[in-house]
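Here are the chains, one letter per residue:
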Amino acid sequence: MRLSDYRRNKVGGLPLEMLQRWTGHDGLALFGRMPTEVDLDLLLPPEFRPDGARQPTTIITDDFNRADGELGANWTDDTGDADIVSNQWDATAVTVVSRYSGASLSSVDHYAQAKIMNSPAGNAGPMARKEASGALTYYVALKNGSPTAVVQLYSRVAGTHTQLGANIADSWTSGDTYQVRCNVSTISFWKNGSSVADRTDTAITGNLQTGLVSNDAAQAMDDFEALELTGAATVKFRGLMLTGIGL
């Protein structure tokens, strides 16, 4: 699975440094060390074997503490529009998909999170495994509606939404941190640093960007963060399930 994902991202123009960090992360997860020359024969497609690997050291943060206006060069609105308003991410259209395009993470196993600052009628939350293009493919944890409503985990593949399991009961306070976490085929919702619910899905496997989603023009979010997962990891590789020591 990883080899086809690597080829797709390589052909799609993902920078070499980002691809190298991804390979470094997978080597650490599988073997408990940075990959050796022999390891690279397993981790990389033969035609891209010279790409090599490097230490995975990617963290993305944005507190949006800057002048009101456009989000800035690190962000791309793949759908709709969001701006900086009063030092927060603020939707200015009914439907917004804002991708952090200034950097990609080093692993498909990562989380994205943000503080939900208000509670309009629509849905809002962080997205992970976003394709590094305008294509609407990602996982998202959506806070849905009023403070005593629900959270919903969705996959979105080429614009088509699929809810992952049942609604998750939720009670919200302004500034609560909502997180979507992807670990191999486990897609999870975390809140304020604690695990709340897990779902299983394999629809999206190889994307390294993240961002924010909203379906309400009144929505505001803050303190965005995305990071690779740490700890033991289980990776499917050429049909085998291998468990290794994490970072």
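Note that the structure is predicted; figures quoted are calculated from it, not measured. (Residues numbered from 1 in each chain as written. Predicted model: local features only at pLDDT ≥ 70, side-chain atom pairs only at ≥ 80, totals over all residues. Heavy atoms only, no water.)

K.L.:
With reference to specific residues and values, describe the pattern of salt bridges.
P.N.:
Two side chains of opposite charge can pair, provided their charged atoms sit close to one another. Tallied over the full model, the rule gives 15 salt bridges. In this structure, Asp41 engages Arg49 in a salt bridge whose closest nitrogen and oxygen atoms are separated by 2.9 Å. Asp78 is the partner of Arg99 in a salt bridge, and the nearest nitrogen-oxygen pair spans 2.8 Å. Taken together, the residues span a long stretch of sequence, with Arg99 in strand S6 (residues 96–100) and Asp78 in strand S3 (residues 75–79) at a distance of 21 residues. Overall, the relative accessible area of 8% leaves Arg99 in the buried class. A residue is classified by how much of its surface remains accessible, and Asp78, at 19% relative accessible area, is buried. (Salt bridge = Lys/Arg side-chain N within 4 Å of Asp/Glu carboxyl O. Helix = DSSP H or I, 4+ residues; strand = E, 2+ residues; numbered from the N terminus. Buried < 20%, exposed > 50% of the residue type's maximum accessible area, 1.4 Å probe, protein only.)

K.L.:
So what's going on with helix H2 (residues 16–31)? Which residues, and what values?
P.N.:
Two residues of an α-helix separated by three or four positions point the same way, owing to the 3.6 residues in each turn. Compared with the 22 Å implied by 1.5 Å per residue over 16 residues, the 22 Å span of H2 between its first and last C-alpha is a close match. For H2, the buried fraction is high: 13 of the 16 residues fall into the buried class. Gly32 sits one or two positions beyond H2 and adopts a positive phi of about 75 degrees. (Expected span 1.5 Å × (residues − 1).)

K.L.:
Describe the environment of Lys130, and please don't skip the residues or the numbers.
P.N.:
Along the chain, Lys130 falls in strand S8 (residues 123–130). Distance in space between the C-alpha atoms of Lys130 and Ser101 is 9.8 Å, their sequence separation being 29 residues. Engagement of the side chain of Lys130 in a polar contact is seen with the backbone oxygen of Ala135, the distance being 2.6 Å. (Polar contact = N/O pair within 3.5 Å; in protein donor to acceptor, adjacent residues only side chain to side chain.)

K.L.:
Can you lay out the nonpolar core for me, pointing to particular residues and giving the numbers?
P.N.:
In this structure, Trp89, Leu153, Val180, Leu212 and Phe224 are the most contacted members of the largest nonpolar core, which totals 45 residues. Not counting residues up to four positions away in its chain, the partners in contact with Val180 are His110, Tyr111, Ala112, Pro126, Met127, Ala128, Tyr139, Val140, Ala141, Leu153, Ile187 and Ser188. If you look at the next biggest cluster of nonpolar residues, it comprises eight residues, including Val97, Leu136, Tyr138 and Leu142. (Core = buried A, V, L, I, M, F, W, Y, C linked by side-chain atoms within 4.5 Å. Contact = heavy atoms within 4.5 Å.)

K.L.:
How would you sum up the confidence of the model for the protein? Please name residues and give values.
P.N.:
Here the protein averages 89 in pLDDT, while 92% of its residues score no lower than 70. The low-confidence segment residues 231–247 (pLDDT under 50) makes 39 contacts with residues lying over four places distant or belonging to another chain. (pLDDT = per-residue confidence, 0-100.)

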